Amino acid sequence: MAKITWKTEDGNEICVDVKDGLNLMEAATANNVPHIEGECGGCLSCATCHVFVDETWFSKTGEIDDIEDTMLEMTDVEREHNSRLSCQIIASPELDGLILYVPEPE
Amino acid sequence: MQEPIVIVGAGQAAASFASRHIALGNRTGLLLIGDEPEPPYQRPPLSKKYMSGELEKERLFIRPEQWYSEQGITTFFGTRVVAIERNRKQVETTNGDTFGYDRLLLCTGSSPRKLPAAIGGDLAGVYTLRNIADVEAMAPEFQPGRKLLIVGGGYIGLEAAAVARKLGLEVTLLEMAERILQRVAAPETSDFFRNLHQGHGVDIRESTQLAGLLEDSGQVVGAELADGEQIQADLVLVGIGATPNSELAEKCGLDCNNGIVVNDICQTSDPNIYAAGDCSNFLRNGQSIRLESVQNAADQGDLIARVLAGEDVRYNALPWFWSDQYDCKLQIAGLNIGYTEIVLRPGTKPGGQSIWYYAKDRLIAVDAMNDPLAYAMGRKIISAGLHPSPQQIADTGVDLKSLAK
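Colleague: Could you give an account of empty space enclosed by the protein, with specific residues and numbers?
Modeller: Residue and element names in this part refer to chain A. Overall, the coordinates contain one cavity of 30 Å³ or more when judged by the stated rule. Considering only enclosed or pocket space, the largest cavity measures out at about 50 Å³ in volume. Forming the boundary of the largest cavity are Met25, Gly38, Cys40, Gly42, Leu44, Ser45, Cys46, Ala47, Cys49, Leu85 and Cys87. Broken down by class, the residue content of the lining of the largest cavity amounts to eight nonpolar, three polar and no charged.

Colleague: Outline the packing of aromatic side chains, supporting the account with residue identities and numerical values.
Modeller: Overall, the coordinates contain seven aromatic pairs over all chains when judged by the stated rule. With a centroid separation of 5.4 Å and an interplanar angle of 80°, the aromatic rings of Phe282 of chain B and Tyr315 of chain B are classed as edge-to-face. With Phe282 of chain B in strand β20 (residues 280-284) and Tyr315 of chain B in the loop between α7 (294-308) and β22 (320-325), this pair connects stretches of sequence that are 33 residues apart. Phe282 of chain B gets classed as buried once you look at its relative accessible area, which sits at 6%. Chaining the aromatic ring pairs together yields one cluster made of Trp67, Tyr68 and Phe77 of chain B. Above the plane of the ring of Trp57 of chain A lies Lys60 of chain A, whose end atom (NZ or CZ) is 5.1 Å from the centre.

Colleague: Just give me the short version of the domain arrangement of chain B, but keep the residues and values in it.
Modeller: When the domains of chain B are assigned, the result is domain 1 (5-111 + 242-308), domain 2 (114-238) and domain 3 (327-403). Relative placement of domain 1 of chain B and domain 3 of chain B: their C-alpha centres are 32 Å apart.

Colleague: Can you lay out the sheet that holds strand β7 (residues 103-106) of chain B for me, pointing to particular residues and giving the numbers?
Modeller: All names here are of chain B. Taken together, five strands build an open sheet; the order of strands is β3-β2-β1-β7-β19 and the sheet is parallel. In this open sheet, the two strands that pair with only one neighbour each are β3 (74-77) and β19 (273-275). For this sheet the average axis-to-axis angle between neighbouring strands, irrespective of direction, equals 15°. Of the pairings in the sheet, the one linking strand β1 (residues 5-8) to strand β2 (residues 30-34) comprises four bridges and is parallel in character. Among the inter-strand pairings, Val8 is bridged to a residue of β2, identified as Ile33.

Reading guide: rules and limits
- All chains use their own residue numbering, which begins from 1 and follows the written sequence.
- The lettering of chains begins at A and the numbering of ligands begins at 1, in the order of writing.
- Under the rules for a predicted model, residues below a pLDDT of 70 receive no local features and side-chain atom pairs below 80 are neither given nor counted, while totals for whole chains, interfaces and linings still include all residues.
- The side-chain values count all of the structure's non-hydrogen atoms but skip hydrogen atoms and water molecules.
- The definitions used throughout rest on a 1 Å grid laid over the protein atoms alone, on which a cavity is an enclosed set of points accommodating a 1.4 Å probe that cannot get out and a pocket is an open set flanked by protein within 12 Å on both sides along at least five of seven lines; lining residues are those having an atom within 4 Å of a point.
- Grid points are joined across faces, edges and corners, and a volume is the space filled by probe spheres set on the points.
- Three residue categories are used. Nonpolar comprises Ala, Val, Leu, Ile, Met, Phe, Trp, Tyr, Cys and Pro, charged comprises Asp, Glu, Lys and Arg, and polar comprises the others, including Gly.
- Under the pairing criterion, centres of Phe, Tyr and Trp rings, with the six-membered ring standing for Trp, must be within 6.5 Å; the plane angle then separates stacked pairs below 30 degrees from edge-to-face pairs above 60, leaving the rest tilted.
- Runs of H or I in DSSP of at least four residues are treated as helices and runs of E of at least two as strands, each being numbered from the N terminus.
- Throughout this description, buried means an accessible area under 20% of the type-specific maximum (1.4 Å probe, protein chains only), exposed means over 50%, and partly exposed covers the range between.
- Note on criteria: charge over ring means Lys NZ or Arg CZ within 6 Å of the ring centre, with the direction from the centre no more than 35 degrees off the ring normal.
- These domain limits were set by an automatic method or by a database of domain assignments.
- Only strands joined by at least two bridges in the DSSP assignment are considered to pair.
- Angular values range over 0 to 180 degrees, each being the angle between N-to-C directions of two axes fitted as lines to C-alpha atoms, with helices fitted over their stretch in contact.

Set out below in structure tokens:
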């Protein structure tokens, strides 16, 4: 279990305990986090689950593989150094307390 | 009291519509009626990870079952709508209930074509693949060593072949046309997937016509081909395309032509009725088309929610698709309809390549096999309306990223 917080640009916070093994795109859509769509179901084809990871947590969210790195080029809001596709972040006890910022497309 | 927006069909388009409707804060009530017992779920994994047992059912759900009631959405799952009465603005279900609507959304999807009963289409052990229920019926039959015959070399058939091989079944795949994927891809893409499947031990028979299935006491036991050859099979999967579920729309007099005809805001010939997803037929670049894809269902559903919230938007999303077979990821951007030329570009990694489709000098689509960069940049390039020359695309010395700017 990990407590995950999504912060949106309008100042809302959604804080949820996420079961280990679920990816954070699934967790976001299950909990109505805005702007996280996950149309491809987490198979790295749509780039609609983009998040910015809180700096202090970034390294704990795991490696970005080549495919994710490429798909991050297609996000609606341009990627930054702390960008991830949240379908590739898997909940685990090490992520307890993780904070994610949700970009809002134009 | 204002009547709700009624959504008939609870698939991807319905879920995307409902999500956007809620996100936009539209206060009009929603009533969602679907004929399957489950809430809207993702269909693509059915022929992939769900079929192979790697994904639990609940993880297919686009939103958790309780999400709908939490959002104030009324749902009737396992309920079929049998009629639309346009003049009274209401729908009727199988159990005789009627529901009035302010606006009606038809997200009725498509149904897999079956083999005619006269050639064995109704035998036990013959399956099609569209629903969770289809996979659940088929799954116990997917045992190592059993013989699976797949009729049709499209994406469903090929994806199922990959899962079946992984699970240790013997697989024969029949394709009536000259080559697998003939309807949807260039010969080079067909070649890639033929090699992939043959390398995994699938017996692929192209230009091969099925004469009929063979039975023993009502159970399929094999097939006879047009040339008289007989093939043994313990089970048969039929993947020969799908037809739009437009009967309801036809019965109530909406314009239909290979699907429910809609305009660029997904509105049918009745301004109070919209249609989205596999069942809708729309104009793209002056051509009447119907798409069976998550992208189209999601984007059309999303668009209708925006239209009903008063936004001035038009449907012109770039189509995209994907398919996973063994360790190969195929990603497609654009539509290759009417292509006149293709360009092959080797990928940066072994086993990766992309096929770029041109209609004269216009770049219209790309198939990327194990080459996400080609897919991502292809999508960007085509969306931006750029048309790099075939020579630039073929030249691996040219960085695709530079062409996308």
